[in-house]
Amino acid sequence: LGSPETLRLVELGPGKGTLMADLLRSTSASSAVFQSFQKALRNGSQAGVNLVEISPAFREAQASALSKYSTGEDSSLVEWHNALQDVPEDGETPTIYIAHEFLDALPVHMFVKKSAAWTELLVDLDDRKAVSLDPEAKVPDPEFVMKLSPGATPSMKLLLHPRLEALDEDTRGEIREIEVSGSVIEHTLAVSNRLAASKGGGAALFIDYGYDDLPGKFTCRAIRDHKLLDDLLAPCADLTADVDFSLIRSVVEKMERAPAVFGPISQSRFLQSLGIGYRAQALLETPGISEKQAEDLVEGYKRLVGGADVDGMGEIYKAMALVALPESAEGKAGPPVGF
């Protein structure tokens, strides 16, 4: 993208706003590159930070984390939107999209092969409860159960069959369980179309836990209070599923005007390529650093780049980038830093 005069930054599902706050803080240094970046974010009505968040509670947390950037001259720097389609799009402004632990929270369809036939795993009301004819009887709370579809479903035609056709014959014959997210496809196409349509170019960075090769089993799971649950229908639980990065790549590459796709690569490789090891070492050599601070730094480093043997996220988390060059650029997009 070079150093555009105007820049829009979009984050999908910003959580508590920590990532964006860290990004804006760390790029506030006095270097010429960072100053150019900060200036571009503030140059014109189409520039700025756009957060896609529907939850009022999370919006409040994000506003608190980004309070430094929402007062005075920066009062209009950050804007919130309920959906990606609400984010301004003028076809000119270079835009960078960030989705960190966003795609895994989107719904998935779960398909299972029984004998030679595919079915879909569905959620239904438990119809085994006794029904009272007494009009004054208390109506019991509904209970949900998981059932296999008795036959083909619309999702099988729209999602499963195209996904199976994209697999090689051996994998297609061996696979018995597969998840396909129509919402991931929808958001991938939306971001890719925006990138391709922008004369100023742009890029997207997806970071999430996921896979490039199909795991051959369901990954959807329920989490409550940071603990895995056995029941996907457990009340007040968050549902998450590993992201199928091979599906994202396939969807983008089939587009007529497709941005370039890089990755997925492991988070460990991505962060190491960006120099996280050198940064960690420099911080450890900071004068006056306490033993506790050093220990926390080392543990945090291991957590980010380590494998499962140290309960790390370095291998299960993947990074993928989409890049569309400005209309004025020549040639093909090269791999961005980190890839």
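What counts, and at which threshold
- Residues numbered from 1 in each chain as written.
- Predicted model: local features only at pLDDT ≥ 70, side-chain atom pairs only at ≥ 80, totals over all residues.
- Heavy atoms only, no water.
- Pairing = 2+ DSSP bridges.
- Helix = DSSP H or I, 4+ residues; strand = E, 2+ residues; numbered from the N terminus.
- Axes fitted to C-alpha atoms, helices over the stretch in contact; angles between N-to-C directions.
- Core = buried A, V, L, I, M, F, W, Y, C linked by side-chain atoms within 4.5 Å.
- Buried < 20%, exposed > 50% of the residue type's maximum accessible area, 1.4 Å probe, protein only.
- Contact = heavy atoms within 4.5 Å.
- Lys, Arg positive; Asp, Glu negative; His and termini not counted.
- Salt bridge = Lys/Arg side-chain N within 4 Å of Asp/Glu carboxyl O.
- Polar contact = N/O pair within 3.5 Å; in protein donor to acceptor, adjacent residues only side chain to side chain.
- Parallel < 35°, antiparallel > 145°, perpendicular 65-115°, else oblique.
- Left-handed = near helix turned anticlockwise from the far one by under 90°.
- Nonpolar A, V, L, I, M, F, W, Y, C, P; charged D, E, K, R; others polar.
- Patch = residues over 30% accessible without salt bridge, like charges linked within 9 Å, V, L, I, M, F, W, Y side chains within 5 Å.
- Areas by Shrake-Rupley, 256 points an atom, 1.4 Å probe, with all protein chains shown as cover.
- Charge placed at Lys NZ, Arg CZ, Asp CG, Glu CD.

(A) Local environment of the sheet that holds strand E11 (residues 227-229). Here three strands make up an open sheet; going across it, the order is E11-E10-E12 and the pairing antiparallel. For this open sheet the edge positions go to E11 and strand E12 (238-240), each flanked by a neighbour on one side alone. Across the sheet, the mean angle separating the axes of adjacent strands is 40 degrees when strand polarity is ignored. For strand E10 (residues 221-224) and E11, the ladder comprises three bridges, and the chain directions are antiparallel. By the bridge assignment, Ile223 is partnered in E11 with Leu228.

(B) Summary view of the nonpolar core. Counting residues in hydrophobic clusters, the biggest one holds 24 residues, and the most contacted among them are Leu12, Leu103, Phe206 and Ile248. Every element with two or more residues in this core is listed here: strand E1 (8-12), strand E4 (95-100), helix H6 (182-197), strand E9 (202-211), helix H7 (245-253) and strand E15 (317-324). Leaving out residues up to four positions away in the same chain, Leu12 has contacts with Val52, Leu84, Ile98, Ala99, His100, Phe102 and Val191. Core analysis: the next-biggest nonpolar cluster, separate from the first, contains 15 residues, Leu7, Leu9, Leu23 and Val49 among them.

(C) Local environment of the side chain of Asp208. By secondary structure assignment, the location of Asp208 is in strand E9. The charged side chain of Asp208 is buried without a salt bridge, its nearest counter-charge being Arg221 at 7.7 Å. Within polar-contact distance, the side chain of Asp208 engages the backbone nitrogen of Phe102 at 3.2 Å. A distance of 3.2 Å separates a polar side-chain atom of Asp208 from the backbone nitrogen of Asp104. When neighbours within four sequence positions are excluded, Asp208 is seen to be in contact with Glu101, Phe102, Leu103, Asp104, Val243, Phe245, Ile316, Tyr317 and Lys318.

(D) Representation of the packing of H6 against H7 within the structure. Relative orientation of the contacting elements H6 and H7 amounts to 45 degrees, with a least axis distance of 10 Å. The orientation of H6 relative to H7 falls into the category oblique. In the packing of H6 onto H7, the handedness of the crossing is right-handed. Residues Val184, Ile185, Thr188, Leu189 and Ser192 of H6 lie in contact with H7, whose contacting residues are Leu247, Ile248, Val251 and Val252. Residue composition of the contact of H6 with H7, by class: seven nonpolar, two polar and no charged.

(E) Representation of a negative patch on the surface. Together, Asp168, Glu169, Asp170 and Glu174 make up a negatively charged patch on the protein surface. Here Asp170 is to be found in helix H5 (residues 169-174).

(F) Region of interest: the pairing of strand E2 (residues 48-52). The element E2 is largely enclosed, with a buried count of five among its five residues. Side chains Gly48, Asn50 and Val52 project from E2 onto one buried face, and the interleaved Val49 and Leu51 project onto a second face that is buried too. In the sheet, E1 pairs with E2 via five bridges, with the strands oriented parallel. Looking at the pairing, Arg8 lines up with Gly48 of E2. Bridge analysis of E2 against strand E3 (residues 78-81) gives four bridges, and the strand direction is parallel. Paired with Val49 across the two strands is Val78, which belongs to E3.

(G) Main features of the packing of helix H9 (residues 276-284) against helix H10 (residues 291-305). Across the interface, H9 lies against H10 with an axial gap of 10 Å and an inter-helix angle of 175 degrees. Taken together, H9 and H10 sit at an angle that is classed as roughly antiparallel. From H9, Ile276, Gly277, Ala280, Leu283 and Leu284 reach across to H10, where they touch Ala294, Leu297, Val298, Tyr301, Leu304 and Val305. Each residue belonging to the contact of H9 with H10 can be placed in one class, and the counts come to 10 nonpolar, one polar and no charged.

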